[in-house]
Amino acid sequence: MSSGPNTVPQSGPKVIFRGFREADKPRVKDLFWCGMTEHVPKLFKTLLFRRTTFSILMIIVFLSWWFYKSVIFTVCSCLVALLLLYIQSYGAKINYITCRLNTDLKNIKKTYMDERRNHFWVAEHNRTVIGTVCIREDEKDPTSAQLLTMSVDKGYRRLGIGNKLVDIVTDFAIQNNYSRVFLETREFMYSARRLYETKGFRLFALTENRLLSGYIFYRAEYSLKL
């Protein structure tokens, strides 16, 4: 598929898919930030239902009641523990966002648009960027490429925009003689995982990510053979 502008008829808004332009940069970064931070509650909920959390809360309840015999103190102690867990969830996402903004997303044109086998696309509606996706050659394996920065504005989801962005990436990969496209997501990102699975991606690894406190959540790694 061409990397030039591409208008797709839809029953909803008229969306144009085109290559990244330097003027898009502020909106692209804003969309990336919003898309990533909205996953914080999902990560928190995932960690909340871990056995580790239950065990910690039970210990807090026991010790608080044992030493202070106060319902209010016991409840407050549990709330503080949950607040710390939420802060850790937020911190994990902020670390990832900061890393990306200081590496490949710091100079999108240089990283993606000036490299023949890399590319960055945006979905545009009414001259506003509402979606992004990019592809980058794997440093260790030039026959493989990574799909990154898949994001659709919350107000434009379930309109087929994500489907189209994935199609654009896979078509570009075929044109540039990649034999495989891979990506990473998180265990709790169920909608994204369903989308990738419907497009033919297959889960090939679940890798542990560990927070400073020892909490573990999993990175889901998908691959599509072309």
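Residues numbered from 1 in each chain as written. Predicted model: local features only at pLDDT ≥ 70, side-chain atom pairs only at ≥ 80, totals over all residues. Heavy atoms only, no water.

Student: Let's hear about the packing of aromatic side chains: which residues, and what values?
Tutor: Under the criterion given, the structure shown has 9 aromatic pairs. Between tryptophan 121 and phenylalanine 172, the ring centres sit 5.2 Å apart and the planes meet at 80°, which makes this aromatic pair edge-to-face. Of this pair, tryptophan 121 sits in strand E3 (residues 119-125) while phenylalanine 172 sits in helix H6 (residues 161-175), and the two are 51 residues apart along the sequence. A residue is classified by how much of its surface remains accessible, and tryptophan 121, at 2% relative accessible area, is buried. Using a relative accessible area of 6% as the deciding quantity, one classes phenylalanine 172 as buried. An aromatic cluster is built from Phe20, Tyr112 and Phe120, whose rings are joined through pairwise contacts. A cation over an aromatic ring shows up here: arginine 117 above the ring of tyrosine 178, its NZ or CZ 3.9 Å from the ring centre. In this arrangement the basic side chain of arginine 180 is found over the ring face of phenylalanine 204, its NZ or CZ atom lying 5.9 Å from the centre. (Phe/Tyr/Trp six-rings, centres within 6.5 Å; stacked < 30°, edge-to-face > 60°. Helix = DSSP H or I, 4+ residues; strand = E, 2+ residues; numbered from the N terminus. Buried < 20%, exposed > 50% of the residue type's maximum accessible area, 1.4 Å probe, protein only. Lys NZ or Arg CZ within 6 Å of the ring centre and 35° of its normal.)

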